Amino acid sequence: MRPADLTPLARDVMKLPATVGLVFFSLAAAFLLQVLPWSGNWLLARPDFVLIVLVFWVVNEPRSIGQGVAFALGLLVDVSDSMLLGQHALAYVIATFGAQVLRLRILSFHLPEQTLHVLGLTIVASGVMLSLNLLLGAEFPGFAYLISPVLTALCWAPVNWVLYSRIARRRREGSG
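Residues numbered from 1 in each chain as written. Predicted model: local features only at pLDDT ≥ 70, side-chain atom pairs only at ≥ 80, totals over all residues. Heavy atoms only, no water.

Enquirer: What am I meant to see in the overall build of the protein here?
Expert: Broken down by element type, the protein carries nine helices and zero strands. Each helix and strand of the protein, ordered N terminal to C terminal, gives the series α-α-α-α-α-α-α-α-α. Taking all 176 residues of the protein together, 39% fall into the buried category. Pairs at least 24 apart in sequence give 69% of the contacts found in the protein among residues at least 6 apart. Accessible area of the protein: about 10100 Å², with a carbon and sulfur share of 69%. (Helix = DSSP H or I, 4+ residues; strand = E, 2+ residues; numbered from the N terminus. Buried < 20%, exposed > 50% of the residue type's maximum accessible area, 1.4 Å probe, protein only. Contact = heavy atoms within 4.5 Å. Areas by Shrake-Rupley, 256 points an atom, 1.4 Å probe, with all protein chains shown as cover.)

Shown next as structure tokens:
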């Protein structure tokens, strides 16, 4: 069924935004996963859960989440990781801008192609953080660092499935 074939009431239901609680708790859950105690080689290769959930909301709810939220979440992650203050904030703002620019393109593709677009965004975000570290004199962390954006992008499908099913449920309940 095409959107033009829907009744006006059905079209309005499809436009229902996600609740503020869903957005907040999904970002909070992503932050809690981010601050889990990772050890060993997995410290460099852990997925950036906050980034992937942030990109999901920027793509699916562009009026609710923007660069200001990305900056604030980045500062929160920087403080929790004891990183250079503003490092994640800058990377998240750049990734959010990229997601805003590519939003319609990402939504027009199926999940595997969406994952490739998200991989590009995660590589850019990781590249920004790596560049900042190298410019400030840190040593190259090794090629294990390059696993993190790939793992983050692979999280796109489960995050998309879980959060989009919640949005669809709200839209179905709103119609009844």
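Enquirer: Would you mind showing me how to read the nonpolar core here?
Expert: The nonpolar side chains of a soluble globular protein tend to be buried with one another. The biggest cluster of nonpolar side chains holds 38 residues, and the ones touching the most others in it are V53, V55 and W57. Among the secondary structure elements, those contributing two or more residues to this core are helix 2 (20-34), helix 4 (49-60), helix 5 (67-81), helix 6 (87-108), helix 7 (111-135) and helix 9 (156-175). Ranked by residue count, the leading element in this core is helix 4, at 11 residues. (Core = buried A, V, L, I, M, F, W, Y, C linked by side-chain atoms within 4.5 Å.)

Enquirer: Explain the packing of aromatic side chains here, please?
Expert: When we look at a pair of aromatic rings, we describe it by the centre distance and by the angle of the planes. Going through the model one piece at a time under the given rule, you end up with four aromatic pairs. Between F56 and W57, the aromatic rings sit 5.0 Å apart at their centres with planes inclined by 80°, giving edge-to-face as the arrangement. Centroid distance F140 to F143: 5.4 Å. Interplanar angle 70°. Geometry classified as edge-to-face. By relative accessible area, F143 is classed as exposed at 63%. A network of ring pairs unites the aromatic residues F56, W57 and W156 as a single cluster. (Phe/Tyr/Trp six-rings, centres within 6.5 Å; stacked < 30°, edge-to-face > 60°.)

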